[in-house]
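# Breakdown of the fold
What follows is the residue order along each chain.
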Amino acid sequence: MEVTDEILIDLYKRMVRVRLFEEEAGRLAESARLPGFLHLYVGEEAVAAGVCAALKNEDQITSTHRGHGHLLAKGGDFNRMMAELMGKATGYCNGKGGSMHICDLDLAMLGANGIVGAGVPISVGAAYANKLTSNGLISVSFFGDGATNIGAFHEAANMAAALSLPMLFVCENNEYAEYSPRHKTMAIADVIERAAAYGFPGAIVDGMDSVAVFEAATLAIEKIRNGEGPMMLECKTYRFYDHVGVKGTASNYRTDEEVEEMRKRDPLVIHEARLVESGVMNDEEIQAFKDEIQKEVDASVEFAEQSPFPESDDILVDVYTNGGVS
Amino acid sequence: MSPDNIFEGASGSENSESNSGERKLGYGAAVVETMAQIMREDESVFLAGEDVGAHGGVFGYFRGLQPEFGDERVVDTPIAEQAIIGLGIGAAVQGMRPVVDLMFMDFICVAMDQIANQAAKLKYMFGGGAKLPLTITTAGGAGLSAAAQHSQSLEAMLCHIPGLKVAMPSDAYEVKGLLTSCIREDNPTVFIINKRKLADACHVPEELFEIPLGKGHIFREGSDVTLVAIGRMVDEARGAADILSEEGIDCELINPRTVQPLDIDLIVESVSKTGNLVIVHEAVRFGGIGAEIAAQIQEEAFDYLDAPIGRVAAPFSPIPFSPVLEKQYVPDAERIAAGVRNLS
Ligand SMILES: Cc1ncc(C[n+]2csc(CCOP(=O)(O)OP(=O)(O)O)c2C)c(N)n1
Ligand SMILES: [Mg+2]
C-alpha cells in the first residue's frame, strides 16, 4: 500500500489536533477550570488517527470514557468540544454530557461512554443497520484492554461474528485498566486471542505508529467492506498521563521509569521524524503547523469561556424525543 | 477533579479530636476502619472489586486493607461487574462473608441479573436452604459533575426487589454502625456510600458497633413538620430545618438510615405529632422512595395529616453534566425549605 505525502500529513494533523487539545484540557483541569472527570488520550493519538484516516466520514464509531481523541481524530470541532468540557450550552451535548459523553452524530461518532465496554454492543447495532440497508458502511468500536474483561464485549464479539457484521474492533491496549496492570486481570498474553475465540481474524499493531495503524486498518476495512465479517486490531499503546486528569496518584501502580521509557515512543515524535526524513515537512514547517493548530485550541478556550451556561429550563429538555415529562 | 482529590483529607491522619475530647473520624475513613476491624475478627470476610486492593479504591476508602490482609482477602478483580457480584454470591453460599464493591452505583445496572435475580432470590427459591451473607458496597450520589452514568441514586430500584436490604449512611457514625450490621447480616445487603460525604467527619466510637437495619433515627425533634431525608439529604434537610426555625417553623427530622427495611413506624409516630410530612431524596421524584413513604403514611396516618404530603427530589431527567444544571437538579436546603413552606 502506498502511504502518500498527503496521508502522512493527514495522520499528523489528526494527531496534533488531539495532542494539543488534550494538553490544553489537562492544563485547564489542573487549574480547576474544567468540572468533572477528565480521561486524557495523550500518548494514544496514533490509534484514533490511524483508524479514522482509513474510514469514510459516514462510517460509525463508538468510543470510551477516554473519548476526546476519537471525536477529534474523526474531525470533531474544537469549539464545541471545549464548550462541552466546560458544561456550556454551546457544547456538543448542550452541556449535559461532558467529557465522558462527547459525541457528534453528524460525524457518525456515536458517543464516548461512561460505562466500560458499553460502546461495543452499540457498534454491533450500527453494523447491523449497515448490513440491513446495504449502505456499504462499516462500524468501528474503540475500547480499552480492560474493557475486554466485561461481558458486553464478549456478547458483542460473538454476535458480530455470528451475524457476520461489517465491524472493526479496535482494542487500545495501554496495558492498564485504571490502576490495575493487565497481567493481573487477564491470563492471556495478548488481547487479540479473544478475536480468535469468537472466530474472526485480527492483528497486533504498533499503536504508537500512526502509519502502522493506518495500514492495518485500511487492510482490515477493505476486507470488512467486502463482506468478510468482523475483524479486530490490538493496538499496543500507552497513556502518558494518569487514568484521570494529569498528575500521578497516590498509588505506585506504574513507575516513572516506565512512563519515561514509553514517552520515548511518543507517536508524534515518531511521526515527526518520519515527516522530516521523507522530506514532507521540515522542522520549521512542523512548528508552524503546530502553532496554527494551537491558535485554534486557544480560540476554543476563548469561545468556551464566553459561551453561556445552559438555562435551568433545559434540564427537562431532550429526556424524550418530542417532549413528554413526568 | 479526580476521585482521589475528593477523598484527600478524609483518609488523612484518620482521626482527630474535637473540643469535647470525642474522637472524630471521616466518612470515608470510617469505611476503612470498619472493614479492617471486621476483617480482623472474622476470617470469612473478604473484599473484592475493581482497584480496591493495590490502589485502595478509586475514592480511597479501602486504602490500607490489602497491605494488612493480603491480596487474597482484598482482591483486585477484572472489570466484570456481573462476575464480581457472582463471586460474592457463590462464596457466600459456601459460608464466606464477602464484601464486593461496585465502584459507582450506576454500575449496578451492569450487574442487575446477579443482584436482582440471583442474590435477592436464591434463599427463597431454594426453599430457605441457602444463607447469603453478602454485602455490596457502592458509591452513589450526584454533585461532582460526574454526569449521567456516574451520579445516580438508584436505591428505589433495589428496594423494590424482595430479598435485598439497603443501607444509606448519612454520616461517618452511620457508616461504621450500618456497615458492621450489613456485613454481619445473613442476607444480601447494599451499602450505599455517598461520594460527596467522604471528607466529612463526626464522632465515631473506636470499637465496632451495630446500628440495626430497619431502625430509623430522629435527628432532631420538632413539632410542626416531619422531614424525612435519606443519605446525604439529611445534611440538606438539617440546613432547611435551621432556615425554617428562624421563620418559626419547627421541624422534626427523621433519617430512616435504611430504606429496606423501612422504619415506617417511626415516621407514623412523628407525623401523628406534627401533622405534616415532607420527604426528601436525591433520586428522581417519580417512583422514588418518597412515593412509598407517602403511600404508607396515607394508609397509616391519614387522619393525622393536615396537608398533602410533600416531596422534594430530583426532576425526571438524567443527571446533567453542567455544574449549573446539576446544582439545580440536586435538592438543597433552600429547596427543601420551600417545599415545607408550600405545604398548604
Ligand atoms: C462498567 C464499568 N465498570 C467500571 C468503570 C470504572 N472505570 C472507568 S475506566 C476504567 C478502566 C478502563 O480500562 P480500559 O478499558 O483498559 O481503558 P483505559 O482507561 O485504559 O483507556 C474503569 C474500571 C466504568 N466506568 N464502567
Ligand atoms: Mg487500558
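Below or above, wherever it landed, is the structure these notes cover. (Residues numbered from 1 in each chain as written. Chains lettered and ligands numbered in written order. Predicted model: local features only at pLDDT ≥ 70, side-chain atom pairs only at ≥ 80, totals over all residues. Heavy atoms only, no water.)

## Considering the overall build of chain B
- Along its length, chain B carries 13 helices and 15 strands.
- Rg of the C-alpha trace for chain B: 20 Å, near the compact-globule value of 20 Å for 344 residues, within the 12% margin.
- The principal-axis extents of the C-alpha atoms in chain B amount to approximately 60 × 50 × 40 Å.
- Expressed as a percentage of the 344 residues in chain B, the buried residues total 61%.
- Of the contacts formed within chain B by residues at least 6 apart in sequence, a portion of 80% connects residues at least 24 apart.
- Carbon and sulfur atoms make up 49% of the accessible area of chain B, which amounts to about 12,400 Å² in all.
- Between the mean site of the 26 positive side-chain charges and the mean site of the 49 negative ones, chain B shows a separation of 1 Å. (Helix = DSSP H or I, 4+ residues; strand = E, 2+ residues; numbered from the N terminus. Rg over C-alpha atoms; globule rule 2.2 N^0.38 Å. Buried < 20%, exposed > 50% of the residue type's maximum accessible area, 1.4 Å probe, protein only. Contact = heavy atoms within 4.5 Å. Areas by Shrake-Rupley, 256 points an atom, 1.4 Å probe, with all protein chains shown as cover. Lys, Arg positive; Asp, Glu negative; His and termini not counted. Charge placed at Lys NZ, Arg CZ, Asp CG, Glu CD.)

## Some points on the sheet that holds strand 6 (residues 202-206) of chain A
Residues and elements named next belong to chain A.
- Strands sit in the order 1-2-3-7-6 across an open sheet of five strands; the sheet is parallel. Looking at strand neighbours, the two that pair on one side only are strand 1 (60-62) and strand 6, the edges of this open sheet. Across the sheet, the axes of successive neighbouring strands diverge by a mean angle of 20°, strand direction being ignored.
- Pairing of strand 6 with strand 7 (residues 231-236), which is carried by five bridges, proceeds in the parallel orientation. Bridge assignment links V205 to a residue of strand 7, and that residue is C235.
- Its contacts with the sheet put helix 2 (residues 45-53) on strand 2 (139-144), strand 3 (167-173) and strand 7, and the angle it makes with strand 2 is roughly 170°.
- Lying on the sheet, helix 6 (residues 151-162) is in contact with strand 2, strand 3 and strand 7; it crosses strand 3 at an angle near 145°. (Pairing = 2+ DSSP bridges. Axes fitted to C-alpha atoms, helices over the stretch in contact; angles between N-to-C directions.)

## Description of the sheet that holds strand 12 (residues 251-255) of chain B
All names here are of chain B.
- Spatial ordering of the open sheet is given by 10-12-11-14-15, a layout of five strands whose pairing is mixed. The open sheet has two edge strands with one neighbour each: strand 10 (217-220) and strand 15 (310-314). In this sheet, neighbouring strand axes are inclined to one another by 25° on average, regardless of whether the strands run parallel or antiparallel.
- Across four bridges, strand 11 (residues 225-229) lies against strand 12 in parallel orientation. Bridge pairing links V228 to I254 in strand 12.
- Set on the sheet, helix 9 (residues 233-246) makes contact with strand 10, strand 11, strand 12 and strand 14 (277-284); between it and strand 12 the angle comes to about 175°.
- Its contacts with the sheet put helix 11 (residues 289-301) on strand 11, strand 14 and strand 15, and the angle it makes with strand 14 is roughly 155°.

## Overview of the site of ligand 1
- With respect to spatial proximity, 21 residues lie near ligand 1, and among them H65(A), G114(A), D145(A), G146(A) and E81(B) are the closest.
- At the site occupied by ligand 1, nearby residues are drawn from chains A and B.
- Residue A147(A) places a main-chain N or O atom 3.0 Å away from an oxygen atom belonging to ligand 1.
- Protein contact buries 97% of the 570 Å² of open area that ligand 1 shows by itself. (Near = heavy atom within 4 Å. Polar contact = N/O pair within 3.5 Å; in protein donor to acceptor, adjacent residues only side chain to side chain.)

## Some details on the packing of helix 5 (residues 119-133) of chain A against helix 6 of chain A
Residues and elements named next belong to chain A.
- Helix 6 packs onto helix 5 with a crossing angle of 20° between their chain directions and a minimal axis gap of 8 Å. Taken together, the axis directions place helix 5 and helix 6 in an arrangement best described as roughly parallel. Our pair here, helix 5 against helix 6, has a crossing hand that is left-handed. Along its contact with helix 5, which presents V120, P121 and V124, the element helix 6 presents A152, F153, A156, M159 and A160.
- Of the residues assigned to the contact of helix 5 with helix 6, the class counts are eight nonpolar, no polar and no charged. (Parallel < 35°, antiparallel > 145°, perpendicular 65-115°, else oblique. Left-handed = near helix turned anticlockwise from the far one by under 90°. Nonpolar A, V, L, I, M, F, W, Y, C, P; charged D, E, K, R; others polar.)

## Describing the coordination of the magnesium ion (ligand 2)
All names here are of chain A.
- With distances of 2.0 to 2.1 Å, the protein atoms coordinating the magnesium ion (ligand 2) are D145 (OD), N174 (OD1) and Y176 (O).
- Mapped onto the sequence, the residues coordinating the magnesium ion (ligand 2) show the spacing D-x28-N-x1-Y. Remark: N174 occurs in the loop between strand 3 and strand 4 (176-177) and D145 occurs in the loop between strand 2 and helix 6; sequence separation between them is 29 residues. Each member of the pair, D145 together with N174, is buried. (Donors = N, O, S within 2.8 Å, 3.2 Å for Na, K, Ca; no water.)

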